[in-house]
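Residue-level listing of the chains:
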Amino acid sequence: MTTRVLFVCLGNICRSPSAEGVFAALSKGLDVQIDSAGTSDWHVGDPPYGPMQAAARARGYDLSPLRARQVSARDFDDFDLIIGMDGDNLSNMERLRPAGNQTPLCVFTDYAPETGADHVPDPYYTRDFDQTLDLVEAASRGLITTL
């Protein structure tokens, strides 16, 4: 049975498209459907942020085909698991959750407890694109072990 996973961040131009691209590469051969979205509509239709793409490309991940979109209430029906990059993302998702919906929500770093991180910092602000990729790779490997 296909597991459908949605990765969510604020603008869908750094963290969640990185999670989508990295997880897609690392989960090849698994029966998963992957997407990413943002809680804001600031970048709808835009490709991932240039410096994020460059950092990902340096590790062998191509994010260039991805385009930002905003989370919708329908996503709660379309996905089996929704993963936020931080607590604010989860709070925003809870506000969007349709009444009675039980789709699990979690923070991506829950799958990488060995990192000691409680969220994936936003590299748009921190400028630490490698830290983002380090956490996304670790959490992706952890998530794969649960599928």
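For the structure itself, consult the block above.
Residues numbered from 1 in each chain as written. Predicted model: local features only at pLDDT ≥ 70, side-chain atom pairs only at ≥ 80, totals over all residues. Heavy atoms only, no water.

## Things to note about the sheet that holds strand 4 (residues 105-107)
The strand order across the open sheet built from 4 strands is 2-1-3-4, with neighbouring strands paired in parallel fashion. Edge strands, defined here as strands with exactly one partner in the open sheet, are strand 2 (32-38) and strand 4. Here the average twist between neighbouring strands, direction ignored, is 25 degrees. Both strand 3 (residues 81-84) and strand 4 contribute to a ladder of 3 bridges, which runs parallel. Following the sheet pairing, Gly 84 is matched in strand 4 by Val 107. In the packing of helix 4 (residues 87-96) onto the sheet, contacts are made with strand 1 (3-9), strand 3 and strand 4, and the angle to strand 4 comes to roughly 165 degrees. (Pairing = 2+ DSSP bridges. Helix = DSSP H or I, 4+ residues; strand = E, 2+ residues; numbered from the N terminus. Axes fitted to C-alpha atoms, helices over the stretch in contact; angles between N-to-C directions. Contact = heavy atoms within 4.5 Å.)

## Quick look at a nonpolar patch on the surface
On the surface, a nonpolar cluster with roughly 390 Å² of combined accessible area is contributed by Trp 42, Tyr 124 and Tyr 125. Along the polypeptide, Tyr 125 turns up in helix 5 (residues 123-126). Overall, Tyr 125 belongs to the exposed group, its relative accessible area being 55%. (Patch = residues over 30% accessible without salt bridge, like charges linked within 9 Å, V, L, I, M, F, W, Y side chains within 5 Å. Areas by Shrake-Rupley, 256 points an atom, 1.4 Å probe, with all protein chains shown as cover. Salt bridge = Lys/Arg side-chain N within 4 Å of Asp/Glu carboxyl O. Buried < 20%, exposed > 50% of the residue type's maximum accessible area, 1.4 Å probe, protein only.)

## What about the pairing of strand 3?
On strand 3, burial covers both faces: Leu 81 and Ile 83 on one face and Ile 82 and Gly 84 on the other are all buried. Direction of pairing for strand 1 relative to strand 3: parallel, over a ladder of 4 bridges. Note that in strand 3 the partner of Leu 6 across the bridge is Ile 82. Each parallel crossover has a hand, and the one from strand 3 via helix 4 to strand 4 is right-handed. (Right-handed = clockwise from strand over helix to strand, strands pointing away.)

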